Structure formats: structure tokens, C-alpha cells
Amino acid sequence: MESKDLLYVGGEWARPSTTATIDIISPWTEEVLATVPEAGEADVDAAVAAAREALAGPYPRLTADERAEYIAKLSQGIGARAQEFAETITAENGSPAGWSLLGQVFSATMILDGYANLIRSFPFEEPRAGALGPVLVRKEPVGVSAGIVPWNVPLFEIACKLGPALAAGSPIVIKPSPETAADWYLLAEIIDQIELPKGMVSFLPAGREIGEYLVRHRGVDKVTFTGSTAAGRKVAAICGEQLKRVTLELGGKSAAIILDDADLGAHLPLLMPSALMNNGQACVAQTRILAPRARYDEVVDAVADAVRNTSVGGDPTDPTVAVGPLVAERQRDRVMGYIDKGRTEGAKLVVGGGRPADLPKGWFVEPTLFVDVDNKMTIAQEEIFGPVLAVIPYDDQDDAVRIANDSDYGLSGSVWTTDVERGIDVARQVRTGTYGVNAMATMDIHQPFGGFKASGLGREFGPEGLTAFLETKTIVLPGDYHPPDPTLPL
Ligand code: NAD
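Residues numbered from 1 in each chain as written. Predicted model: local features only at pLDDT ≥ 70, side-chain atom pairs only at ≥ 80, totals over all residues. Heavy atoms only, no water.

## Considerations on the site of the ligand
Note the following rule: We call a residue near a molecule or strand as soon as one heavy atom of that residue lies within 4 Å of the molecule or strand. Any pair of N or O atoms that falls within 3.5 Å is considered a polar contact. Within protein, one atom must be able to donate a hydrogen and the other to accept it, and sequence-neighbouring residues count only if both atoms are side-chain atoms. For the accessible areas, the method is Shrake-Rupley and the probe is 1.4 Å, while residue cover comes only from the protein chains on display. Comment: elements are numbered from the N terminus, with helices defined as DSSP H or I runs of at least four residues and strands as E runs of at least two. Each residue receives one of three labels: charged for Asp, Glu, Lys and Arg, nonpolar for Ala, Val, Leu, Ile, Met, Phe, Trp, Tyr, Cys and Pro, and polar for the others, Gly being one of them.
Taken together, 27 residues form the shell around the ligand, and within it Val149, Lys175, Ser228, Leu250 and Glu383 come nearest. In the environment of the ligand, a nitrogen atom lies 3.2 Å from a nitrogen or oxygen atom belonging to the side chain of Glu212. Within the backbone of Gly227, one N or O atom sits 3.3 Å away from an oxygen atom of the ligand. Burial of the ligand by the protein chains amounts to 93% of its free accessible area of 840 Å². Of all the secondary-structure elements, those providing two or more residues to the shell around the ligand are α7 (208–216), β10 (222–226) and α8 (229–242). Here the residues of the shell around the ligand are counted per class, giving twelve nonpolar, eight polar and seven charged.

## A look at the sheet that holds strand β19 (residues 436–437)
Cut-off, in case you're wondering: Pairing between strands is defined by DSSP: at least two bridges between the two strands are required.
Pairing within the open sheet is mixed, and its seven strands lie in the order β14-β15-β16-β13-β12-β18-β19. Either end of the sheet is taken by a strand with one partner, and the two such strands are β14 (348–351) and β19. Pairing of strand β13 (residues 288–292) with strand β16 (residues 388–394), which is carried by five bridges, proceeds in the parallel orientation. Bridge pairing links Leu290 to Ile392 in β16.

## Concerning the pattern of salt bridges
Between side chains of opposite charge, a pair can form as their charged atoms come close. For the record, the criterion: By definition, a salt bridge exists where a carboxyl oxygen of Asp or Glu is found within 4 Å of a side-chain nitrogen of Lys or Arg.
Applying the stated rule across the entire model yields 24 salt bridges. Its salt-bridge partner being Arg52, residue Asp221 comes within 3.0 Å of it at the nearest N-O pair. Remark: Arg52 occurs in helix α1 (residues 41–55) and Asp221 occurs in the loop between α7 and β10; sequence separation between them is 169 residues. Residues participating in the shared-partner salt-bridge network are Glu125, Arg138, Glu140 and Lys473.

So this is what it looks like as C-alpha cells:
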């Protein structure tokens, strides 16, 4: 990985305003791989000014098909360099190689393709019959957006912000996390190649202070934030004060309900990868496994076997490694702190619980399983963001739903059953933004995704994700108005 000395401000490679830098550190060798500039306040000012100019420029006035063309080219550009993106992301945050390619890179291209396809037929301007006469309902770009993304799925998250912003015609200033401040350089190169109009996109890697400066900036009309619930609350408070539009994608503590009729042989191989996804650093990870008392020992044994057999490797670029290192020493210490808490609060540790003995270097934590967990325990209530699972016993289906809902979070969840109708019945009762019935993927990246309760505000993906970047305007027309095109339904 090469060190860099420029930022990407309004479509131009620009010298940073300060001498501050960010070290990109390998999570498994602990070595500094590269150094990149850290953006300062003046860089934010310049990026927002360029975005405001772009808002008045040609891009927001392009037809939806022309905007879709740019987004499709961006997606193709990422696809053409998929391996390079995946290797860069694995180097930055330790994601297993296979996951990087599918979960980080190809999923990002699918998100972009979804928005490109959506806007080709989206009603940006719709004639309607109003109460007193004809009206025209228009969807216009929300203005200048700020996109703040976490380190766990950096390119995927950038696509979640960039896709709808470009689809809507909203210029965007993106702030990558300091932990993953390298992969966006590849994306900026592609943005240059496709000759996206200047000012539409900026990338300013920095920490939370600059993130907050960007959120507060008076030139920003909308904030789209993905990260922890604690930071999301702060962002929401600032946006509330300033009446800025805001979308928040926050933490989760999702419950996988194994019903008493589940086929463990068929269902656990689907559930376990989504429980330990991305080294346990996934917002939708199914970290609470709810097991029926009638089959409790059988479920515990099967889950314990699966966790025990999950391959941990010192080098996440090795395709056989299922669980690699955590992103940073701070994250490893945080996860170890939760493991200690689980022990002291009386949960039974049956697998893992420490650092792998054969991996003295790097920020590894063994895949860990607690059983006999009470849902009131800290490890069942707080998001750990590491490879730590909790099995919680339940009495009957209603009790399982009650436990699943006994959480501040409401992001995702799943149910495992041989009776899909019964599964859908459970899905209807659990208060989360997405839900899977015997489904490995507990989200669909072309359909609305987001959180109930403390897991967020608003939705990404699909028409809901697009409208979060649009303002609605109603134009009241004279009663005797007849459109030039009489086939329109006025
Ligand atoms: P974090 O909240 O520490 O940081 C996220 C981003 O916000 C970073 O870029 C950070 O620099 C910035 N930031 C932090 N405080 C800020 C503030 N006060 N103002 C402006 N910007 C600020 O989270 P993280 O540790 O990077 O990511 C992990 C969290 O992200 C987990 O809670 C995870 O569940 C969540 N997440 C949610 C989703 C989702 O779609 N719901 C997806 C991925 C990750």
C-alpha cells in the first residue's frame, strides 16, 4: 500500500490544509502500512463550497438516465478493480479475503446498480389531481449532503451514501473513518476517470472532531451517518437543532430465533456465517441465539461445534480463514472487556474467551460462545462488535418474541423453522427494520434497510433510500391548466 499526500476536494486532488496524518496500521502485523493526510476544517470548508457550486451546476439538472449512466460507470469501474479494492480493505481492517470481495466490494457495486436502475423509471415529477385542481409534485435534490461512514464495511457504506446522492443529484462530502482511510483513493480515481462533474464528490478522511464540524457546517443540508448509536445521538442532536435532514444507520443486537421445529443440520450452516460475519464486526450480526428449552442441549452442542470449527487465521488474506483480527487494539480490548463482563455476570463460557495462543501478534479474539445467558446481562444487551455469541434459552414462541424485542436496538433478526408461514408470523412480531426467515442474508440491498428504536432513523436502499436525498415540492396549477402532453393523468 502506498502512502499519499493529497485529499480529494470537489473533484480535484488537493494539498491538505494541515500537516496532520493518519497511519494505516495492519490489524494482524501491527505494522504501519502507509500514511495518508488527515483533513482539517479548511478542507471541509473547501469541499462544502465546491459542493454548493455543483448544486447550482449541470449535474443536478441532468436527466435521470444521464445520472444513471454515471452511477453505472462508477459501479463498472469498481467491478473492474474488485480484487485491488478487496485487498486494500482487508489490509486496512482485517476483513477475511472472501468477505472483502463479496461483502465489501461486489455488494457496493450491487448497491450502485440498484440506484441506477431505480431512477431510470422513478417519478421525479408527477402530475396529480389536487383538492382544488391539478398539481405537479416534484422531487428535487435535498441539497448538499455529508456522508459519514464507519470502518467495518467502508466501501459498502460509501456506496450506501454515494449511490442515492448521485441518483438524486445531491453533491456529497464523504468522511471516511481514520481506520480505513486508504480504500477511497481507488474510488476517487474512478470518479476522475468517468469525468463526474466537479464538486459532486469529496473525500475527507478524519476523526470525529472533523466529522462533527462537517455535520454542523451551515453549507450542509443533509447528513447521512452510519456508526455507533452513541455518535448517532450526537449527530441527530446537531441536526435537530439546525433542522437538517438526517438519516442514521446505527448499532444492533439482533436475535436469531431457533424454533422448536428447526432443522439444525440445514439451518446452522446458514445462520453461523451471519452470526460471525466480518470477524463479528457487522451491524446485522445475529449475536443473540434464542434456543427453545425443549431442544436446548442439542442447540447448544450444535452451535458450540460450529463456533469451535470456525477457522481463525493469522493472515486474513488466506481464503480459508473465516475469522481474522479485529480492526484495532482498542476494539480488541473492548471485546475482551465484554468477555470479562459475561464471565462476572454469570454466563457460562463454552468456547473461546481469550486471544488465540498461537497468534501473539495482531488484534485477535477467539470466536467465543456464552450459553445460559440471561437477556438482562450486559453481553445480551450491548453491541460487542466482535466474534462473541450468546445462547439464551426461551420457553415458547411468545417468550422468544418477547426476548427478541427486549432490546434497545431493532436493526435485524432472523427465525429458523421448517414452517415458513410460522416464521413469517414471528417476523411480523419482532420490532426490527429487517428480518430473515431461514435466510442467511438478513438484508436486501435493493429494498429498505434501517433500524427501529436505537438502531437508527430513516432507511437506505430502494425508493425509501432515494427519497431520503430528495425534497418534495407541490406546484399548484390553475384549474383550467391543460398539460402540453394530454396523455398525462392530470
Ligand atoms: P463510530 O460511531 O465510532 O464512528 C462512525 C463514524 O462516525 C466514523 O467516521 C467516525 O469518525 C464518525 N464520528 C464519530 N463520532 C462522531 C461525531 N460526534 N460527529 C460526527 N462524526 C462522528 O462507529 P464505528 O466504531 O466506526 O463503527 C461501528 C458502529 O457502526 C457499530 O455500532 C455498528 O453497528 C455501526 N454500523 C451500523 C450500520 C448500519 O447500517 N446500521 C452499518 C455498519 C456499522
